[in-house]
Amino acid sequence: MKSIKSLMATAMLSISVLGFSLSAAASEYIIDTNGAHAFINFKISHLGFSWVHGNFKNFKGTFSFDAVDPTKSKVNVEIDTGSIDSGHAERDKHIRGDKYLNSSEFPKAYFVSKRIENKGKNNVLIYGDLTIKGIKKPIVIDAVKIGEGKDPWGGYRAGFSGTTSINLADFNIASLGPTATKVYLTLDVEGIRKEEK
């Protein structure tokens, strides 16, 4: 029969392992769009001479992040397609039209992650579905963790940056010219960890 000391040691080890398991669970974050600490930027070729840059002003979302096992992380984002801003009002009005984003009929675009691949050294590949104009297509975001930790206001934050590209034809979006068939996206996301209840 085990001694009391041995039983206590086993119990303490079990509690320690359980505590580690609980602390290792993925934390939930709200993307900080209110504080303007998150951005969805894009660029697209202009006639093969230069780049048109822009962003989507309005979006929201959440992500979960597991520092011990990043493959358990998840991302969910909703984008207001009518909030596109390329710095030129007439062009933006044109892009919101039927041939392009058709924002009146499809005011929202969505990204939902399906699988995370851990590449090591804070790098991950995020596999998921992007839905634009009601058309769902798989994309891959190459992302890196920028950092995480306590903020000056008593909260806890984590930030990531990612890149991807999409073919306009995949989403029934007309080309903006012979060199403008693909859009390149840069995603900079900072999230505030939800308080545990």
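Residues numbered from 1 in each chain as written. Predicted model: local features only at pLDDT ≥ 70, side-chain atom pairs only at ≥ 80, totals over all residues. Heavy atoms only, no water.

Trainee: Lay out the overall build of the protein chain in plain terms, naming residues and giving numbers.
Mentor: Looking only at helices and strands, one finds 2 helices and 11 strands in the protein chain. Secondary structure elements of the protein chain, listed N to C terminal, follow the sequence α-β-β-β-β-β-β-α-β-β-β-β-β. A burial count over the protein chain gives 37% of its 197 residues as buried. A separation of at least 24 residues holds for 53% of the contacts in the protein chain among residues at least 6 apart in sequence. If you sum the accessible surface of the protein chain, you get close to 12200 Å²; carbon and sulfur atoms cover 57% of it. (Helix = DSSP H or I, 4+ residues; strand = E, 2+ residues; numbered from the N terminus. Buried < 20%, exposed > 50% of the residue type's maximum accessible area, 1.4 Å probe, protein only. Contact = heavy atoms within 4.5 Å. Areas by Shrake-Rupley, 256 points an atom, 1.4 Å probe, with all protein chains shown as cover.)

Trainee: Explain the packing of aromatic side chains to me, and be specific about the residues and the numbers.
Mentor: Given two aromatic rings, one states the distance between the centres and the angle between the planes to describe the pair. The final tally for this structure, using the stated rule, is 5 aromatic pairs. Relative to Phe63, the ring of Tyr29 lies with its centre 4.9 Å away and its plane at 10°, an arrangement referred to as stacked. Placement of the pair is Tyr29 in strand β1 (residues 27–31) and Phe63 in strand β4 (residues 59–65), with a sequence separation of 34 residues. Like Tyr29, the residue Phe63 is buried in the burial classification. Between Phe42 and Phe56 the ring centres are 5.9 Å apart and the planes differ by 50°, which places this aromatic pair in the tilted class. (Phe/Tyr/Trp six-rings, centres within 6.5 Å; stacked < 30°, edge-to-face > 60°.)

Trainee: Account for the pattern of salt bridges, naming residues and giving values.
Mentor: Going through the model one piece at a time under the given rule, you end up with 7 salt bridges. The partner of Asp142 in a salt bridge is Lys119, and the shortest N-O contact between them spans 3.7 Å. On the criterion of sequence distance, the pair formed by Asp142 in strand β9 (residues 135–150) and Lys119 in strand β7 (residues 108–120) is long-range, its members being 23 residues apart. When salt bridges that share partners are traced, they join Asp32, Asp151, Arg157 and Glu190 into one network. (Salt bridge = Lys/Arg side-chain N within 4 Å of Asp/Glu carboxyl O.)

Trainee: How would you summarise the pairing of β1 if you had to cite specific residues and measurements?
Mentor: Burial of β1 is one-sided: the residues Ser27, Tyr29 and Ile31 facing one way are buried, the residues Glu28 and Ile30 facing the other way are not. Looking at chain direction, β1 and β4 are connected through 4 bridges and run antiparallel. Looking at the pairing, Tyr29 lines up with Phe63 of β4. By the bridge criterion, 3 bridges tie β1 to strand β11 (residues 182–193) in an arrangement that is antiparallel. (Pairing = 2+ DSSP bridges.)

Trainee: Would you mind going over the nonpolar core in detail, with residue names and values included?
Mentor: Within the largest apolar cluster, 38 residues are counted, with the highest numbers of intra-cluster contacts made by Phe63 and Ile132. Residues in contact with Phe63, not counting those within four places in the same chain, are Ser27, Glu28, Tyr29, Ile31, Lys74, Val75, Ala158, Phe160, Val189 and Gly191. (Core = buried A, V, L, I, M, F, W, Y, C linked by side-chain atoms within 4.5 Å.)

Trainee: Describe the side chain of Lys145, with residues and values.
Mentor: If you trace the backbone, Lys145 turns up in strand β9. Residue classification places Lys145 among the buried residues on the basis of a relative accessible area of 16%. Apart from residues no more than four positions distant in its own chain, Lys145 is found in contact with Phe65, Asn122, Gly159 and Phe160.

Trainee: Outline the pairing of β9, supporting the account with residue identities and numerical values.
Mentor: Summarising the sheet, strand β8 (residues 123–132) and β9 pair through 10 bridges and their orientation is antiparallel. The residue of β9 that forms the bridge with Ile132 is Ile135. In sequence, β8 turns back onto β9 through a hairpin of 2 residues, with Lys133 there showing a positive phi of about 55°. The antiparallel pairing of β9 with strand β10 (residues 156–167) creates a hairpin that spans 5 residues between the two strands, and Gly154 there sits at a positive phi of about 90°.

Trainee: With reference to specific residues and values, describe the environment of Ser104.
Mentor: The residue Ser104 is located in the loop between α2 (89–95) and β7 in this model. You can call Ser104 exposed: its relative accessible area is 67%. Each C-alpha atom, one on Ser104 and one on Gly82, is 7.8 Å from the other, the two residues being 22 residues apart in sequence.

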